[in-house]
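Summary of the model geometry
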Amino acid sequence: MVEFSRANAEAFIDEDYEEAGEEIESAPPLNIGDEREINSNGLKKKLIKLGLGWETPEFGDEVTVHYVGSLRDGTKCVSTRDKGKPVTFKLGQEKVATGVDYGIVTMRKGETALFTLPPRTGFGLADLDAVSSNSVVQFEVELVSWITVVDVCKDGGIIKKIMEKGELIGPPDDLDEVLVKYVVRLLDGVIVAKTPEHGVEFYVKDGHFCQALPKAIKTMRRGEKVNLIVQPQYAFVDGVKDSENGFPSILPCSILSIDLELVSFKPVINVTGDLGVLKKILKEGEGTLTANEGAAVTIRYTAKLEDGTLLEKRGFDGEAALKFTTDEEQVIAGLDRAVTTMKKGEHAIVTAKPDYGFGSTEVKRDLAMVPPCSTIVFEVEMLEFTKEKDPWEMNKHERIQVSQRKKEEGNLLFKNGKYQRAMKKYEKAVDYINEDRTFEDDDQRLVKSLRVSCWLNGAACCLKQNDFQEAIKLCSKVLEIESCNVKALYRRAQAFMETADLHLAELDIKKALEIDPQNREVKLIQKTLKQLQVESNKKDAKLYTTMFTRLSNENSSAAKRLKVEETESKNEENVGDINMP
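All residue numbers refer to position in the chain's written sequence, counted from 1. Residues qualify for local features only when their pLDDT is at least 70, as the model is predicted, and side-chain atom pairs are given and counted only at 80 or more; totals for whole chains, interfaces and linings, by contrast, use all residues. With hydrogens and water excluded, all non-hydrogen atoms of the structure serve as input to the side-chain values.

Under the annotation held in an unreviewed UniProt entry, the chain carries the name peptidylprolyl isomerase and is attributed to Nicotiana tabacum. UniProt positions are given in the numbering used here, feature names are shortened, and annotations may be inferred rather than shown by experiment. A UniProt comment under Catalytic activity (unreviewed entry) is attached to the chain, and it reads "[protein]-peptidylproline (omega=180) = [protein]-peptidylproline (omega=0)". Listed under Sequence similarities (unreviewed entry) in UniProt, the entry text for the chain is "Belongs to the FKBP-type PPIase family."

This is the structure:
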């Protein structure tokens, strides 16, 4: 095999290559017999035989090629054809000749091309007597196949060679449950671990066998087969891995070769974002639509404790399926939230922590008692659902009617102390009437009144939940369109007082009393404000007193030190006078 010198290689690789590559990507594909210069260094490519597909190898991949190198006059310099066996090497190491690697990265599997290296110093086959350093050399290359090579951790610790590509599904995430098969060998070929024939199942976040496995799995697609070369820092560097199932022990600092297949995986969705409700998809549903909040759904399910105790079931053994409307507290929060993410026909396992289940109370269900602080496991199938219409699907009169209904539902929830759910109802009510330009003049007054009412009620919910910044924001929206709205001034003043913005609270209260001097509620919080201001003034006075006292003490101490220093200096001068002759 012919190799060029490193100096020659550096002469070929320059800063213009990337720009030239971009030009190639934008150029039309070559037809058989076409020739084109494919980079700024003069490397030319002539297509002899079309390849398969559209994918091409990248630097770092392992390619298997046949090549024949010759001069323009037909003098053959080097050939794998003569040996009857293609060669395999890593792209970027210039195992054929300097510059040929840059041609191979433009090829598809099965493609044959003729590459012409330019007649510049360093491009000739200088180590062959028959080739001068400035000869024009041609390489006919057939790309038999290649293996994609990935440095998983970008430190050489886990090198992944893709032996068989998977489907366009994946890769898995930390929460997902995967089914894999693997065979683990030492570099001398000795098998040290192997999964059963059906494989092994585990959650990616829990890891398995060694830390290299989950890291590699998170880069794989379903059905993908790879070979991993695992360095000790990702294997068992801390000690001996004991033997299992009759296999030898694995010594510390062993380098492992792992043949790994990602057979399948079940996606696990963090429904609530805090791991309180997890949904593991056993069977994908139809299409792309999912149930939403306010959808009418029909499901069948079983509910169990974590130990397998059956609590209830619906939709089996001739029993009717469960029908309910989401976001109406007709089922526990965990099931409710999970169902809004499901497609028709989807089958899933839903795990709801106590905060999204029955909390800390003991509850009787159809078939068993639910102990306090229990996690509930549902197996759910979405049979059908009817989504609540989105605003854009309705005419203006429907939107006003829905907005009014949502506001009334919010009012009822507020009276029952369910402030968070009431807040969501008010937000939805505003969503339906958010576009002013779609309403005619006759409806504008009603729409404005609805919007103001929902913002004010939403602000009341925020005050109940100690979300004072959001309360300020909602009241400010009202005051932008109704600057003399006393309720908005009153509630914003309350929020300002809670956030210690007493001056702003005072301004709102003053304005509210100018508009409605006899308003009893505003007068009451004015008294509260005055008490807070007195307390604040006392705290400020105490703080300033402490500061002045400290400063005074520091000044006094400094004065004393200065006086002592002056006395000592004067004494030294007197001693000097006494000692003088």
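Let's pick the thread back up.
Numbering of helices and strands runs from the N terminus; a helix is a DSSP stretch of H or I covering at least four residues, while a strand is a stretch of E covering at least two. Looking only at helices and strands, one finds twelve helices and 22 strands in the chain. Of all 581 residues assigned to the chain, the portion counted as buried reaches 42%. Two residues form a contact once any of their heavy atoms are found within 4.5 Å. When contacts within the chain are restricted to residue pairs at least 6 apart in sequence, those whose partners lie at least 24 apart make up 66%. In this description, accessible areas are obtained by the Shrake-Rupley approach with a 1.4 Å probe, and a residue is regarded as covered only by the protein chains that are shown. A total accessible area of about 32500 Å² is found for the chain, and carbon and sulfur atoms account for 49% of it. Here's how the labels work: a residue is buried when its accessible area is under 20% of the maximum for its type, exposed when over 50%, partly exposed in between, all with a 1.4 Å probe on protein chains only.

Axes here refer to lines fitted to C-alpha atoms; in helices the fit is confined to the stretch in contact. Angles between the N-to-C directions go from 0 to 180 degrees. Packing of helix H10 (residues 486-498) against helix H11 (residues 502-515) leaves a shortest axis separation of 8 Å and a crossing angle of 160 degrees. Relative to H11, the element H10 is oriented roughly antiparallel. Viewed along their axes, H10 and H11 form a crossing whose handedness is left-handed. Across from Val486, Leu489, Arg492, Ala493, Phe496 and Met497 in H10, the residues of H11 making contact are Leu502, Leu504, Ala505, Asp508, Ile509, Lys511, Ala512 and Ile515. Roughly parallel covers angles under 35 degrees, roughly antiparallel covers those over 145, roughly perpendicular covers 65 to 115, and oblique covers all other angles. For any helix crossing, the convention is left-handed if the near helix is rotated counterclockwise from the far helix by under a right angle, and right-handed if that rotation is clockwise.

Under the present numbering, the feature "repeat: TPR" (unreviewed entry) in UniProt falls on residues 403-436 and 486-519. As annotated, residues 486-519 has a helix share of 79% and a strand share of 0%, and its two end C-alpha atoms lie 9 Å apart.

This brings us to the pattern of salt bridges. Within this document, salt bridges are pairs made up of a side-chain nitrogen of Lys or Arg and a carboxyl oxygen of Asp or Glu, the two lying within 4 Å of each other. Under the counting rule described, the total for this entry stands at 34 salt bridges. Note that Glu62 is salt-bridged to Lys161, the shortest N-O span being 2.8 Å. Note that Glu62 is positioned in strand E3 (residues 62-71) and Lys161 in strand E8 (residues 158-164), a separation of 99 residues in sequence. Judged by its relative accessible area of 21%, Glu62 is partly exposed.

A cis geometry characterises the amide bond from Gly170 onward to Pro171, with omega recorded as 5 degrees. Within the secondary structure, Pro171 is located in the loop between E8 and strand E9 (177-186). Of note in the backbone geometry, Glu94 takes a positive phi value of approximately 55 degrees without being a glycine. Taking the relative accessible area as the measure of exposure, Glu94 reaches 9% and is therefore buried. One non-glycine residue, Asp317, lies in positive phi territory at about 55 degrees. As for its placement among the helices and strands, Asp317 is situated in the loop between strand E17 (310-314) and strand E18 (322-325). For Asp317, a relative accessible area of 69% gives the class exposed.

Among the nonpolar cores identified, the biggest contains 37 residues, and Ile509 and Val522 are the most heavily contacted of them. Every element with two or more residues in this core is listed here: helix H7 (419-431), helix H8 (441-464), helix H9 (468-481), H10, H11 and helix H12 (520-579). Excluding anything up to four places from it in sequence, Ile509 contacts Ala493, Met497, Val522, Ile525, Gln526 and Leu529. Definition of nonpolar core: a set of buried residues of the types Ala, Val, Leu, Ile, Met, Phe, Trp, Tyr and Cys, connected through side-chain atoms within 4.5 Å. In this structure, Ile217, Ile250, Ile258 and Leu260 belong to the second largest nonpolar core, which totals 31 residues.

With that out of the way, let us pick up the side chain of Glu312. Along the polypeptide, Glu312 turns up in strand E17. Aside from chain neighbours lying at most four places away, what touches Glu312 is Tyr301, Thr302, Ala303, Arg365, Asp366 and Leu367.

With that settled, the discussion passes to the packing of aromatic side chains. Here a pair means two rings of Phe, Tyr or Trp (six-membered ring of Trp) with centres within 6.5 Å. Their orientation is stacked below 30 degrees between planes, edge-to-face above 60, and tilted elsewhere. Going through the model one piece at a time under the given rule, you end up with five aromatic pairs. An angle of 40 degrees between the planes, with centres 5.7 Å apart, marks the rings of Tyr182 and Phe209 as tilted. Of this pair, Tyr182 sits in strand E9 while Phe209 sits in the loop between strand E11 (200-203) and helix H4 (212-217), placing them 27 residues apart in sequence. We note that Tyr182, like Phe209, is buried. Here, a charge over a ring means that NZ of Lys or CZ of Arg falls within 6 Å of the ring centre while also lying within 35 degrees of the ring normal. Stacked on the ring of Tyr203, the Lys or Arg Lys205 has its end atom at 5.8 Å from the ring centre.

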